[in-house]
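Structural description and commentary
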Amino acid sequence: MVQRLLGIIDLPSFVPLAHSTNTQTAGAVMEKDKKRIFTHAISIRIALPALLTIVLFVTATFVIILPSLKNNLLAKKREMLRELNTIVWDMVSSYEKMERNGELSRTEAQKTVLKIIQDLRYGPKNKDYFWVNDMTGLIVVHPYRPDLHGEAVPDVRYPKGKNLLDEFVKVVKAQGAGYVEYRFQWQDDPQKIVPKISYVKGFEPWGWVIGTGLYVEDVNVEIGLIAKQLNAIASVILLFVSFLAAYIIRHTMLADRVRRIISEERESLLRALEESNERFRSLVETTSDWIWELDPDGVYTYCSPKVRDLLGFEADEIIGKRLEDLIAIKEVERTSRIFKKLIASQKPFNGFETICQTRDGRVVVIEKNGVPVFADNGELQGYRGIARDISERKTAIEALKKSRDELHNSLEETVKSLALAAEKRDPYTAGHQMRVDTLACAIATEMGLPEKQIEGLHFAALLHDIGKISLPSEYLAKPARLSAQERAIIKCHTEVGYEILKNIPFPWPVADIVYQHHEHLDGSGYPRGITDKEILLEAKILTVADVVEAMSSHRPYRPSLGLETALDEIRSGRGVFYHAESVDACLRLIAEKKVDLSTAAW
């Protein structure tokens, strides 16, 4: 994984700085121009379909749909003329049948039919009509021009006034029925001449031509209304499409701008990542620590070049090897057991020491610190970490430990010698300091004090009466009770002991413990009369041990008072003179016989 982070890339060849900078600047400008052109091309490609849609819609509406609609409407109108004419023709035919059947005379039948035809109207304004002319080209009946009865009708399209009815007759003679386009007066307005289209059909029994027509203007008016509606709808659609196109173009440009910013930031991040990778590679390859990576089976998947300095192997030689392959033979089992526990815990570890064997056979101590690596699904993929050679440090620590032990032993013997020197001045209390030490340390252990604190108490107990070395020997060995003045002098031994010890750099407050070992919780002790909170815990423990030992031992001026008397003393003074927890611990030790304080034992 580290290998993947570092990447396996070839370093570029050396390029002069100025040339490289200019090249990079020019390249950056060209790249920006390309991006700008690319962005505009994207905008055009997105906007062009919208614009083409608008153009196609307009073209389809006004070039294809409207003309087609007009043609369709005109075709329907023509068909309507044919159907209406057929209806009238059928009516005329029915009267002709009545004539043939003898129900009506021809004159009566024709008069009735012509009356009906003269009154027939249809159309939007109910002004469209039917007419009848004969096969000689003369008007038989015309609703708006009764004056034309028996007359020919000129066609205004022809400057010489050609007979329009002759055109109707020709169509009938040639086809039996058909359409004729011409110009004629607008309905009942003789002064207004407009285009018209008519359908004529011959009625052979009576020699008639029955016709009806429509004004092209009426069709144009209908087309105009439809065109207006269509224009309104088209305008709304065009407006919507235009707005949509503008919206798409605008947001496309904004998206292009965001995309360009993202692209620039991405390139910047990629450059930063590449620089970071290069720095990381340099850091990994030049650091004094060995960077490594293991899979869950303990197989090395990455190894930095530093391993050559530690074990003499090249990095490529380590990849694929197992953790145990580098361990000294006698340490393989232990190391493998510990490593399996670390893998099972899936937690970071520090200070994992492995004793490895180098290529040239040397044995070195390697310290590993690692963190677990997990996949996205939480599965352990292995460990990644650093390692360093701590062989010299281990050697130094061993030497330091040995030196410390020797120093401790020297200190122990020195303190015991000082204690012995003090006891030489008072042969009647020989062994007192040693016995107090034994009892005080037992009480501290029972109370659960840390080992370092007990060790300080040990030295203070051995030296707690060192101040008596300055007292007159006759006071110490006097067989009678001491006078008040002599007792006052004896009490000075705590201060003298403090003065002797205060400048010795013990790692514990030995001088203060000695100074306070005759103080009481209520302030009734000496030499300073301090109270509970001011007295060190070690001094409180030492006080209890000193009282018990002193009362249960012989003195020049009295025989032993006995162990029970000593224990009654600390019981009665518990919490007043003596530290309650220390008293309780002492009583438990004696009751459970964890320490023997009988006279014989002393």
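In case you missed it, the structure is sitting above this.
The paragraphs below set out a description of the structure included in this document.

Analysis parameters
Residues numbered from 1 in each chain as written. Predicted model: local features only at pLDDT ≥ 70, side-chain atom pairs only at ≥ 80, totals over all residues. Heavy atoms only, no water. Salt bridge = Lys/Arg side-chain N within 4 Å of Asp/Glu carboxyl O. Helix = DSSP H or I, 4+ residues; strand = E, 2+ residues; numbered from the N terminus. Buried < 20%, exposed > 50% of the residue type's maximum accessible area, 1.4 Å probe, protein only. Axes fitted to C-alpha atoms, helices over the stretch in contact; angles between N-to-C directions. Parallel < 35°, antiparallel > 145°, perpendicular 65-115°, else oblique. Left-handed = near helix turned anticlockwise from the far one by under 90°. Contact = heavy atoms within 4.5 Å. Nonpolar A, V, L, I, M, F, W, Y, C, P; charged D, E, K, R; others polar. Polar contact = N/O pair within 3.5 Å; in protein donor to acceptor, adjacent residues only side chain to side chain. Core = buried A, V, L, I, M, F, W, Y, C linked by side-chain atoms within 4.5 Å.

1. Quick word on the pattern of salt bridges
Inspection of the entire model under this criterion finds 24 salt bridges. Its salt-bridge partner being Lys115, residue Asp119 comes within 3.9 Å of it at the nearest N-O pair. Placement of the pair is Asp119 and Lys115 together in helix α3 (residues 106–119), with a separation of four residues, close to one helical turn. Arg334 is the salt-bridge partner of Glu331, the closest N and O atoms lying 2.6 Å from each other. Overall, Glu331 belongs to the buried group, its relative accessible area being 14%. Three or more residues are tied together by salt bridges with common partners; here these are Asp289, Glu367, Arg388 and Arg393.

2. A short note on the environment of Leu239
Summarising the element assignment, Leu239 is placed in helix α5 (residues 216–286). When the C-alpha positions of Leu239 and Ile54 are compared, they lie 9.6 Å apart, and in sequence the two are 185 residues distant.

3. Points about unusual backbone geometry
At the junction of Tyr526 and Pro527, the peptide bond is cis and its omega measures out at 10 degrees in the coordinates. One non-glycine residue, Lys593, lies in the positive phi region at around 55 degrees. With respect to the helices and strands, the residue Lys593 is situated in the segment after α18 (580–591).

4. A look at the packing of helix α17 (residues 563–572) against α18
Relative orientation of the contacting elements α17 and α18 amounts to 150 degrees, with a least axis distance of 10 Å. With respect to their mutual orientation, α17 and α18 come out roughly antiparallel. The two elements α17 and α18 cross, and the hand of that crossing is left-handed. Taken together, the residues of α18 that come into contact with α17 (itself represented by Leu563, Leu567, Ile570 and Arg571) are Val583, Cys586, Leu587 and Ile590. A breakdown of the residues in the contact of α17 with α18 according to their chemical character gives seven nonpolar, no polar and one charged.

5. Details of the side chain of Ser198
Position of Ser198 among the secondary structure elements: in strand β4 (residues 189–203). Residue Ser198 is classed as buried on the basis of its relative accessible area of 0%. A distance of 2.4 Å separates a polar atom in the side chain of Ser198 from a polar atom in the side chain of Tyr182.

6. A look at the nonpolar core
Counting 43 residues, the largest nonpolar core has Ile443, Leu501, Val510, Ile541, Ile570 and Cys586 as the members making the most contacts within it. Elements represented by at least two residues in this core include exactly α10 (432–447), α11 (451–463), α15 (510–516), α16 (537–551), α17 and α18. At eight residues, the largest contribution of residues to this core is made by α16. Residues within four places of Ile541 in sequence aside, it is in contact with Ala440, Ile443, Ala444, Met447, Leu449, Leu457 and Ser582.

Purely geometric stuff here, so don't read any function into it on its own.
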